[in-house]
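The chain contents come next:
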Amino acid sequence: MKAIRRFTVRPVLPDTLRPLADLAHNLRWSWHEPTRALFESLEPAGPSTLSGGTDPVRILGALEAPRLAALAADQDFLARLRAAAEDLDSYLHAPRWYQRASERTADAPAALAYFSPEFGVTAALPQYSGGLGILAGDHLKSASDLGVPLIGVGLLYRHGYFRQSLGRDGWQQEQYPVLDPGELPVTLLREADGAPARITLALPGGRSLHAHLWIAQVGRVPLLMLDSDVEENAPGERSVTDRLYGGGSEHRLLQEMLLGIGGVRAVRTYTRLTGTPAPEVFHTNEGHAGFLGLERIRELQGEGLDFDSALETVRAGTVFTTHTPVPAGIDRFDRTLVARHLGEDGALPGVDTGKVLALGDETPLGGEPGVFNMAAMGLRLAQRANGVSTLHGAVSRAMFAGLWPGFDADEVPITSITNGVHAPTWVAPEVGRLGPDPSDRELWELRRTLRERLVTDVRERLRASWRQRGAAAAELGWTDSVLDPDVLTIGFARRVPSYKRLTLMLRDKDRLRALLLHPERPVQLVVAGKAHPADDGGKRLVQELVRFADDPRVRHRIVFLPDYGMAMARGLYPGCDVWLNNPLRPLEACGTSGMKAALNGCLNLSVLDGWWDEWFEPDFGWAIPTADGAAAADEDRRDDLEAAALYELIERRVAPRFYDRGPDGVPAGWTAMVRRTLTDLGPKALADRMVREYVERLYVPAAAARRALTPDRARELAAWKARVREAWPKVTVDHVEVGDDLADDLADAELGATPVVRVRVALGALAPDDVEVQAVTGRVDADDTLADTRAVPLKPAGGPDLEGRQPYAGTLALDRTGSFGCTVRVRPTHPLLAHPAELGLVALPEETKGEGAGVLLR
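Residues numbered from 1 in each chain as written. Predicted model: local features only at pLDDT ≥ 70, side-chain atom pairs only at ≥ 80, totals over all residues. Heavy atoms only, no water.

Trainee: What exactly am I supposed to notice about the pattern of salt bridges here?
Mentor: Using the criterion set out here, one finds 67 salt bridges in the structure. The partner of Arg507 in a salt bridge is Asp636, and the shortest N-O contact between them spans 3.2 Å. With Arg507 in the loop between strand E15 (488-493) and helix H19 (509-516) and Asp636 in helix H25 (residues 635-659), this residue pair connects regions lying 129 residues apart in the sequence. When its relative accessible area of 35% is taken as the criterion, Arg507 is described as partly exposed. A salt bridge links Glu544 to Lys509; its shortest N-O distance comes to 3.4 Å. One end of the pair, Glu544, is in helix H20 (residues 536-550); the other, Lys509, is in helix H19, and 35 residues separate them in sequence. Take Lys509: its relative accessible area is 33%, and that puts it in the partly exposed class. Several salt bridges share partner residues, and in doing so they unite Arg158, Asp227, Asp229 and Arg238 into one network. (Salt bridge = Lys/Arg side-chain N within 4 Å of Asp/Glu carboxyl O. Helix = DSSP H or I, 4+ residues; strand = E, 2+ residues; numbered from the N terminus. Buried < 20%, exposed > 50% of the residue type's maximum accessible area, 1.4 Å probe, protein only.)

Right under this line is the structure:
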């Protein structure tokens, strides 16, 4: 028989134990070791690595009355409980970094909203699939630690992401267990009369999409999670939040409408009911939540602003973070589908559908005219945008440059803030307890302790996996000798899209086998990862790896662990000696798993991509060379070359250093690298650093810009932009002169020369105050393309001539030697623009290449 209804029976806690409920429902326990230990002490058998980790709500729900009575009388336990409760109260209410910083700046926003389609806070709340969600969870935790007044907004998926197991043949299988909110560390938001708070979206055909709001308290940060599994919904609408990244195009569109439009309404409901200040800044973590900007436009139109003025107001207070380095990673929908769901018969009546569709137009990016691009909309709705590593910022500027035509990629207004990871979540307690200057022996003994613990965990997980695959217990005696706590251990765990190249290590199986079985310097590999349920190519990669690992000759040296998630990762990162990462460069936006490993003294062995491209030093690990030129164009040859480089590094540099022991048995060279990784690399990789950068570089400027844009100023700015766009076709650079001594083609100029640049500019209907005229110099290549440019402002040099052209002049400073060129450009300027390229408008001389383009400085 199957149940037709689910419900949760909660224990009635004695008064002295009531703080347990508060501690269980604040997810700070997931990164606060004393609180986690308190709950683990309540489990009769202790925590199991296979249970998904600590889950205080589940632990409390399993306590019987006699056990509760005994705890209520246990003075030692009650003292620990009081200490944990007092510590949490202090954590929640004492001033922290943000409050102290706010005393020094009046621009700090009173509240911010952070939207993401997934959040990886703890294994007990499985609402994540991979790096994006873990990053979002770490962002919330560090914001809480720093006191940043963030409100997280996401969806509550009743099936979460899938659980992964393996078939007998190694093929990935998926299961979607039902998640009952009553068994999760979440609380239903209720109205003053006790009724569940609810938001509603109108859908075409007179239908409605309703959602309840659950709150997961992440330290000081509330995470609002919208849940469509409510009785008022029809079956189709009820299933909108059934699973993460599931369903077809319309299903995904409804999820993103609920996240963006519904999320703003959820924030308004939450602030109304709790008295929390309304957010001044909205942060969109990837394009999935981009519709939040349209809902805010709808709100402002209701307050009397027209669409364009509302758009400027919304842009001023919006931050957009892109996480994908490839167009294929962006959500795209059919324009007619979007128009139908957001039009007068849909969720945003009164909002101009044509202007909405223009926000998602991808044709400037070389895309299709019938497609609505969520990233393009996200960038157009945000005045500030960033990638998640220095390299990814450069990749993003090139990828989205079409939205700012006329500007070089390096001038595209997308900055970068390199991701970080939340140390209290990911650092093993033993690492956290290291002294400020541990000896080599202490480091080496710590590394062995963590490796030994990983070996025990791997054996337990491997046995469970083989039992799921149909093996009998009698067949599994060999698992007791899988891995060796004294062997160099390399970890590789992440999602399994093709660009991450799970199976690059299998390129030459004989050579890998020789590394694993080396008689003096053996290597062992722990591998994990999930392929998307619809990605058969990824599943084939998993199967290929599993079949290799099943080989009796090597199965004691290489294992594949199914169902990679937070609980597994917490033991995997500390227990590995080396963290392997071999994506196709530059397709890894950041790649934070290697950061988590580094915080535990694990050395990185990685392609120079994402964060490793930016922070690699030989003391922190090894860089895998990447193929270039013709070799990179041939996929097979590229993978052969890069796999060979990987084997070479392990065989000749990594393993010899690990096994190069001194008379005391300690590899001094290895421990020196561990020390440098912990002391020099670790602080860079912290999410606290990342969140502080977001606050100082993006949140505070966005709040200031939003406050400056009163309704009248918003109307003025929108009108100015419209006027500039209309007049711009008549703006031309008609005549340029660069000092008489440089008149000849490729003339020489002395270092330190200061030639005068004179230019006449036709401004059409614009005034000089509407534009900035610049001379731009830079190094030139054979095609006279400028690079490494510098801009010099030119000033009006008298009144207009008889044809109405305005003269400008300025002086160049020739302070670098080499082959240089010069041009002149005109671009719009306004005090309220966040970036000079914001409008994507620039006027250049008609002859951008010609005589005098090259100047040789000596």
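And the narrative resumes.
Trainee: For this particular structure, what's the right way to read the sheet that holds strand E17 (residues 558-561)?
Mentor: The strands that make up a sheet are held in pairs by hydrogen bonds between backbone atoms, and each pair lies either parallel or antiparallel. Pairing in this open sheet of six strands is parallel, and the strands run E17-E16-E15-E18-E19-E20 from one edge to the other. Two strands in the sheet have a free side with no partner beyond their single neighbour: E17 and strand E20 (621-624). The mean angle between the axes of side-by-side strands here comes to 20°, regardless of whether they run parallel or antiparallel. Pairing of strand E19 (residues 603-607) with E20 involves four bridges; the strand directions are parallel. From the neighbouring strand, Leu605 faces E20, where its bridge partner is Trp622. Strand contacts of helix H26 (residues 668-681): E15, strand E18 (578-581), E19 and E20, with the helix running at about 80° to E19, the strand carrying the most contacts. (Pairing = 2+ DSSP bridges. Axes fitted to C-alpha atoms, helices over the stretch in contact; angles between N-to-C directions. Contact = heavy atoms within 4.5 Å.)

Trainee: What should I look at first to understand H20 in this one?
Mentor: Note on helix geometry: an α-helix contains 3.6 residues per turn, so any two residues three or four positions apart are oriented the same way. The end-to-end C-alpha distance of H20, which contains 15 residues, comes to 21 Å, matching closely the 21 Å that a straight helix rising 1.5 Å per residue would cover. For H20, every residue scored as buried is listed here: Gly538, Lys539, Leu541, Val542, Gln543, Leu545, Val546, Phe548, Ala549 and Asp550. On its buried face, H20 is in contact with strand E3 (163-166), strand E4 (172-175), helix H18 (440-468), H19, strand E16 (523-528) and E17. Two or three places before Gly537, at the opening of H20, Asp535 has a side-chain oxygen 3.2 Å from that residue's backbone nitrogen. (Expected span 1.5 Å × (residues − 1). Polar contact = N/O pair within 3.5 Å; in protein donor to acceptor, adjacent residues only side chain to side chain.)

Trainee: Quick question: what am I supposed to make of the nonpolar core here?
Mentor: Most often, soluble globular proteins have nonpolar side chains that are buried together. Of all hydrophobic cores here, the largest spans 59 residues; its most connected members are Phe115, Leu226, Met257, Leu258, Phe291, Leu294 and Leu342. In terms of residue count, the dominant contributor to this core is helix H9 (residues 249-274) (ten residues). Leaving out residues up to four positions away in the same chain, Met257 has contacts with Leu201, Leu203, Gly262, Phe291, His341, Leu342 and Ala347. Residues Ile624, Ile650, Val654 and Trp670 belong to the second largest nonpolar core, which totals 48 residues. (Core = buried A, V, L, I, M, F, W, Y, C linked by side-chain atoms within 4.5 Å.)

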